[in-house]
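Residue-level listing of the chains:
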Amino acid sequence: MMGLAGIPLGIRFRFLDPDPDAPAGDVGELITAPYEDEEALAQFARGLDAATYEFENVPSRVAGFLCSHCPAVFPPPKALEVCQDRLLEKRLFQRVGLETPRFAAVASVEELRAAVSRDASGGGVGLPCVLKTRRFGYDGKGQAMIHSEGDIAGAFEAVAGHSKEPLLIVESFVEFSRELSLICVRSAPEKGGSARTTRFYPLVENRHTGGILRVSVAPAPGISAELQRLAETIGARVLDELDYKGVLTLELFQVGQDASARLLGNELAPRVHNSGHWTIEGSACGGSQFENHLRAILGWPLGMTTMREGIGCAAMLNLIGPPLPHPSGVRAEGWSHPHLYAKASRTGRKVGHISVTAKDRAELETRIERVRQEVPNAGR
Ligand code: AMP
C-alpha cells in the first residue's frame, strides 16, 4: 500500500522481504533474502534516497546496517528497539505521562506468582491479569489470561514454552470501555530548513474479536475535543522521546465514558497501521497514512490528516482468511472499496480490507452492516 501511494508521486521502490511471494513485488523491485543477509542488505541499500520499514520486528542490527549505507533511515533504530519490547514501551508511556495497566517484568513462574499475588498497593498486578511475551507477540499471540492463582502455572508454560530465559510481562486486565488508536505523523525538516511538522489523524475506535482487529471506525464516536487534545499531547511527547520521523501509531484503552474518560497506553507501532487503512479513501487529498509516511521520511510537506470533503466518517473492515472474497463481490457504489493484498489465505490471516465511507454515523453503521452481510468474512 505504501508503494501504491508513492508511485503517482514519482517515487520508485525496492523492497526486501524473506517471502518470495511478498505482495510488494507487484509494485517495485523485490529482493528476497533473510533480513540479516548483509550482501542482500547492501544490494538493497545501493542508490536509495531513503529506507523505511512497515514491520517492527526488523532486527535493530539490520536497521543499524542500513543507517551506515543509506542517507536516510526512518523511523530511527531506537524506535524499533522500544517497540520490539512491551516492557520498554510501558516505561516510555510512564515517562511521557501516559497511564498504563499495572505491569511487572517476569522471567520465572515464581516471579509471576509474586507479581500476581501482590495487589496494586503492594506494587503487584493482582487478578485478573494477562501474561505476554515481551517480544514478537501480535494479535493476541504469545498471551494468556490469568483469572485465578490456579491459572498461573499453565499460563506460564503456555507463554514461556521451553525458553530457558523467558522475557515476559504480566499486566493487570483493564476493563476498558473501548480500544482507540492515534495515528501520528512527523516530518523530517524540509531541505535547508529545521522546522518539523507534526499532524494527527482523528482518534480511531478499534473493534477486536479474539485479540484480532476486525473493524476500525474513524473518527471514533463521541470523542471530546479534550480527549483528542490529550491523546495528541501524549503522541507528540512519544515522537519527541524517540526522535521520530514518519507515521507512528499509539494503541490505547479508553476507560470510563464521556467526561470521566481516561486513556491508558497499550502498545506502540512504529509504522503505518491496520487501524489507519481507512485513510486511503477517508482522508483529505494527499493525506493517506501511506502517502504521509513517505512525505514525512522524504522531508516533503505533509498532506492533510482531516476527513475528505463530504465524508463525515469512515470505517475499515478487515478480511480475515479464509476464504478470500472476489472483489466483484464487493459493491461498487462509491462508498465501499475492496483492497486485496494478494497474500495466500490462511486461517486468522489478514488478507485484505474493505473501506466504507459515509456522510454521518448512522449511514456508516448501516453501510458496515450491509457489507458484513454481503461479504462473508468482512469485519468478523
Ligand atoms: P496486544 O497484542 O497487546 O495489543 O493484545 C491484543 C488484544 O488483547 C488487545 O487489543 C486487547 O483487546 C487485549 N488486551 C491486551 N492487553 C490487555 C490488558 N492489559 N487488559 C485488557 N485487554 C487486553
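Student: Pulling in residues and values, what's your account of the overall build of the protein chain?
Tutor: Helix and strand counts for the protein chain stand at 11 helices and 15 strands. For the protein chain, whose C-alpha radius of gyration is 21 Å, the value lies close to the compact-globule estimate of 21 Å for 380 residues. Oriented by its inertia axes, the alpha-carbon framework of the protein chain measures out at about 60 × 55 × 45 Å. Looking at the protein chain residue by residue over its 380 residues, the buried ones come to 53%. The long-range fraction of contacts in the protein chain, counting pairs at least 24 apart against all pairs at least 6 apart in sequence, stands at 62%. Carbon and sulfur atoms form 51% of the exposed surface of the protein chain, whose accessible area is close to 17,000 Å². For the protein chain, the separation between the mean place of its 42 positive charges and that of its 46 negative charges on side chains is 2 Å.

Student: Break down the pattern of salt bridges for me, citing the residues and quoting the values.
Tutor: In this structure the tally under the stated criterion is 21 salt bridges. Note that Glu-56 and Arg-271 form a salt bridge whose closest N and O atoms lie 2.5 Å from each other. With a gap of 215 residues between them, Glu-56 in the loop between helix H2 (38–45) and helix H3 (60–67) and Arg-271 in the loop between strand E12 (262–269) and helix H9 (279–282) connect regions that are remote in the sequence. Among the residues examined, Glu-56 registers a relative accessible area of 12% and is labelled buried. In this structure, Arg-331 engages Glu-333 in a salt bridge whose closest nitrogen and oxygen atoms are separated by 2.1 Å. Among the residues examined, Arg-331 registers a relative accessible area of 21% and is labelled partly exposed. Overall, the relative accessible area of 42% leaves Glu-333 in the partly exposed class. Members of the salt-bridge network, linked through shared partners, are Arg-178, Glu-205, Arg-207 and Glu-365.

Student: So, the packing of aromatic side chains: which residues are in play, and what are the values?
Tutor: By the definition in use, this model includes 4 aromatic pairs. Between Phe-13 and Phe-15 the ring centres are 5.7 Å apart and the planes differ by 10°, which places this aromatic pair in the stacked class. When the centroid spacing of 4.9 Å and the interplanar angle of 10° are considered together, the rings of Phe-176 and Phe-253 count as stacked. Taken as a pair, Phe-176 in the loop between strand E6 (168–172) and strand E7 (178–186) and Phe-253 in strand E11 (residues 246–255) lie far apart in primary sequence, 77 residues in all. What makes Phe-176 partly exposed here is its relative accessible area of 32%.

Student: I'd like a rundown of the packing of H2 against H3, residues and numbers included.
Tutor: Where H2 contacts H3, the two axes come as close as 10 Å, and the packing angle between them is 45°. Taken together, the axes of H2 and H3 are oblique relative to one another. For H2 against H3, the interelement crossing comes out right-handed. Facing Glu-38, Leu-41, Ala-42, Phe-44 and Ala-45 of H2, the residues of H3 in contact are Val-62, Phe-65 and Leu-66.

The rules behind each value
- Residues numbered from 1 in each chain as written.
- Predicted model: local features only at pLDDT ≥ 70, side-chain atom pairs only at ≥ 80, totals over all residues.
- Heavy atoms only, no water.
- Helix = DSSP H or I, 4+ residues; strand = E, 2+ residues; numbered from the N terminus.
- Rg over C-alpha atoms; globule rule 2.2 N^0.38 Å.
- Buried < 20%, exposed > 50% of the residue type's maximum accessible area, 1.4 Å probe, protein only.
- Contact = heavy atoms within 4.5 Å.
- Areas by Shrake-Rupley, 256 points an atom, 1.4 Å probe, with all protein chains shown as cover.
- Lys, Arg positive; Asp, Glu negative; His and termini not counted.
- Charge placed at Lys NZ, Arg CZ, Asp CG, Glu CD.
- Salt bridge = Lys/Arg side-chain N within 4 Å of Asp/Glu carboxyl O.
- Phe/Tyr/Trp six-rings, centres within 6.5 Å; stacked < 30°, edge-to-face > 60°.
- Axes fitted to C-alpha atoms, helices over the stretch in contact; angles between N-to-C directions.
- Parallel < 35°, antiparallel > 145°, perpendicular 65-115°, else oblique.
- Left-handed = near helix turned anticlockwise from the far one by under 90°.

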